Protein chains: 2
Amino acid sequence: MTDKDSKLYNIDRTSSAGYMTNWAARLFARAMDRRLKPLGLSTGHLPIFFALGAGGALSQKALTEYAAIEQPTMAATLSRMERDGLIHREPDANDRRSMLISLTPLALEKLPAVREAIETLNEKALGALSEEERDAFLVSLAKIVAALADDD
Amino acid sequence: MTDKDSKLYNIDRTSSAGYMTNWAARLFARAMDRRLKPLGLSTGHLPIFFALGAGGALSQKALTEYAAIEQPTMAATLSRMERDGLIHREPDANDRRSMLISLTPLALEKLPAVREAIETLNEKALGALSEEERDAFLVSLAKIVAALADDD
DNA sequence: GCAATGAACATAGTGTGCTATATAACATAT
DNA sequence: ATATGTTATATAGCACACTATGTTCATTGC
């Protein structure tokens, strides 16, 4: 196979939106985890912090839908967070199947540092993008999420 | 805390590039894995297919750099692929520490279906984006990758 | 030539995601 | 009221990412 054939026949990974999105996401996660580690946190905690940061309580089911992950993934993350003293689980009086989840004071204390980490990392990542490019990037991501959200 | 205070104080996750990139990447991976599963493949194989799809052989080290993952991650992925008959490992005559990796005929056979899966999924994900938006999206991703690539 | 340094790969342990499946409680319909 | 189906959570097993560390071979300096 010649170089020319190869070029025609192969896909360039840098022009595949899926490949590049995965690559950027891995770099984001790596960098974020390094910033969160000194706080005793990690990236998987972030959706729960977003959802419960105002101080309320939600069921595991509600958190699962909010975070847009599968139920067993949420269950495992909550187990680790409970183990580490970050969340509190209490039975729902209205439904004995359900548990209400809330952040502990320990977790709430960390919120400002979490916001700081998110903002500085986004700033670093988007440093080479203009305001217009940043807006367009977020709009495109939202469209992609919407297009892929209905299962498969 | 009032709604207004909450808005001021909290970050909206949909305006965090890192959060949205992670979200889109998870949806891409889920959908791609479902398409690759009938082929006996998964997303972790893709960088190796991109790198070795032309039929050559590379060291684990070279593949690790190409895929931009950590060395133990590549080692584990290659072990699974060898177990599943997708790659061949042979000792490098010039450096006894090093192994040369190549795709097996079984893996090479699957290449057209892999390309097809990548193209159709990208098409589905980008369906709501114009040509200009698609180009801009890839350019922004490349800038973000470059900004985050130098470690932390 | 030998010691020290570095490079390539392997292994151990953990987190976060997935699918498939089990269990217990709620809801409904006869 | 009981059987049937649905919903909320739990568990098992795997893939793929990370960090930390060990082993073996290559290289470099003396």
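Below you will find a few notes about this structure. (Residues numbered from 1 in each chain as written. Chains lettered and ligands numbered in written order. Predicted model: local features only at pLDDT ≥ 70, side-chain atom pairs only at ≥ 80, totals over all residues. Heavy atoms only, no water.)

1. Some points on the overall build of chain A
Across its full length, chain A carries seven helices and three strands. Listed N to C, the secondary structure of chain A is α-α-α-β-α-α-β-β-α-α in terms of helices and strands. Against the compact-globule benchmark of 15 Å for 152 residues, chain A has a radius of gyration of 19 Å, which places it well outside the compact range. Seen along its three principal axes, the alpha-carbon backbone of chain A occupies a region of about 65 × 35 × 30 Å. (Helix = DSSP H or I, 4+ residues; strand = E, 2+ residues; numbered from the N terminus. Rg over C-alpha atoms; globule rule 2.2 N^0.38 Å.)

2. Section: the sheet that holds strand E1 (residues 57–59) of chain A
Residue and element names in this part refer to chain A. Taken in spatial order, the three strands of this open sheet run E1-E3-E2, and their pairing is antiparallel. Two strands bound the open sheet, and with one partner strand each, they are E1 and strand E2 (87–92). Along the sheet, successive strands turn relative to each other by an average axial angle of 35°, direction set aside. Relative to strand E3 (residues 95–103), E1 runs antiparallel, the two being bridged by three bridges. Within E3, the position partnered with serine 59 by the bridge is leucine 100. Contacting E2 and E3, helix H5 (residues 71–83) runs over the sheet at an angle of about 115° to E2. (Pairing = 2+ DSSP bridges. Axes fitted to C-alpha atoms, helices over the stretch in contact; angles between N-to-C directions. Contact = heavy atoms within 4.5 Å.)

3. Details of the protein's contact with DNA strand D
Neighbouring DNA strand D are 24 residues, the closest being Arg30, Arg34, Lys61 and Arg97 of chain A together with Ser42 of chain B. The backbone of methionine 99 of chain A places a nitrogen or oxygen atom 3.0 Å from a phosphate oxygen of DNA strand D. Separating a phosphate oxygen of DNA strand D from a side-chain N or O atom of serine 42 of chain B is a distance of 2.4 Å. Mapped onto the surface near DNA strand D, the elements with two or more residues apiece are helix H2 (17–36), helix H4 (60–67), H5 and E3 of chain A together with helix H5 (71–83) and strand E3 (95–103) of chain B. For the surface near DNA strand D, a count of residues per class yields four nonpolar, eight polar and twelve charged. (Near = heavy atom within 4 Å. Polar contact = N/O pair within 3.5 Å; in protein donor to acceptor, adjacent residues only side chain to side chain. Nonpolar A, V, L, I, M, F, W, Y, C, P; charged D, E, K, R; others polar.)

4. Examining the pattern of salt bridges
The full count for this structure, using the stated rule, is 14 salt bridges over all chains. Note that aspartate 84 of chain A is salt-bridged to arginine 83 of chain A, the shortest N-O span being 2.8 Å. The residue glutamate 123 of chain B makes a salt bridge to arginine 134 of chain B at a minimum N-O spacing of 3.3 Å. Here the residue glutamate 123 of chain B occupies a position in helix H6 (residues 105–125), and arginine 134 of chain B occupies one in helix H7 (residues 131–149), the gap between them amounting to eleven residues. (Salt bridge = Lys/Arg side-chain N within 4 Å of Asp/Glu carboxyl O.)

5. What to know about the relation of the copies chain A and chain B
If you rotate chain A by 180° and push it 0.0 Å along the axis, it lands on chain B with an RMSD of 0.0 Å. In short, the pair behaves as if placed about a two-fold rotation axis. By residue overlap, the copies meet face to face through one surface: 100% of the interface positions of chain A are interface positions in chain B. (Least-squares fit on C-alpha atoms with pLDDT ≥ 70 in both.)

6. Considerations on the packing of aromatic side chains
One pass over the structure, following the stated rule, counts three aromatic pairs over all chains. Ring geometry for tyrosine 19 of chain A versus phenylalanine 50 of chain B: centroids 5.1 Å apart, planes at 85°, classification edge-to-face. Of this pair, tyrosine 19 of chain A sits in helix H2 while phenylalanine 50 of chain B is found in helix H3 (residues 46–52), placing the two residues in two different chains. You can call tyrosine 19 of chain A buried: its relative accessible area is 10%. Residue placement shows arginine 13 of chain A over the ring face of tyrosine 66 of chain B; its charged tip is 3.5 Å from the ring centre. (Phe/Tyr/Trp six-rings, centres within 6.5 Å; stacked < 30°, edge-to-face > 60°. Buried < 20%, exposed > 50% of the residue type's maximum accessible area, 1.4 Å probe, protein only. Lys NZ or Arg CZ within 6 Å of the ring centre and 35° of its normal.)

7. Points about the sheet that holds strand E2 (residues 87–92) of chain B
Residue and element names in this part refer to chain B. The strand order across the open sheet built from three strands is E1-E3-E2, with neighbouring strands paired in antiparallel fashion. In this open sheet, the two strands that pair with only one neighbour each are strand E1 (58–59) and E2. In this sheet, E3 lies alongside E1 in antiparallel orientation, the contact comprising two bridges. In the sheet register, leucine 58 faces E3, and the bridge partner there is isoleucine 101. Against the sheet, H5 makes contact with E2 and E3, and its axis sits at roughly 115° relative to E2, the strand it touches most.

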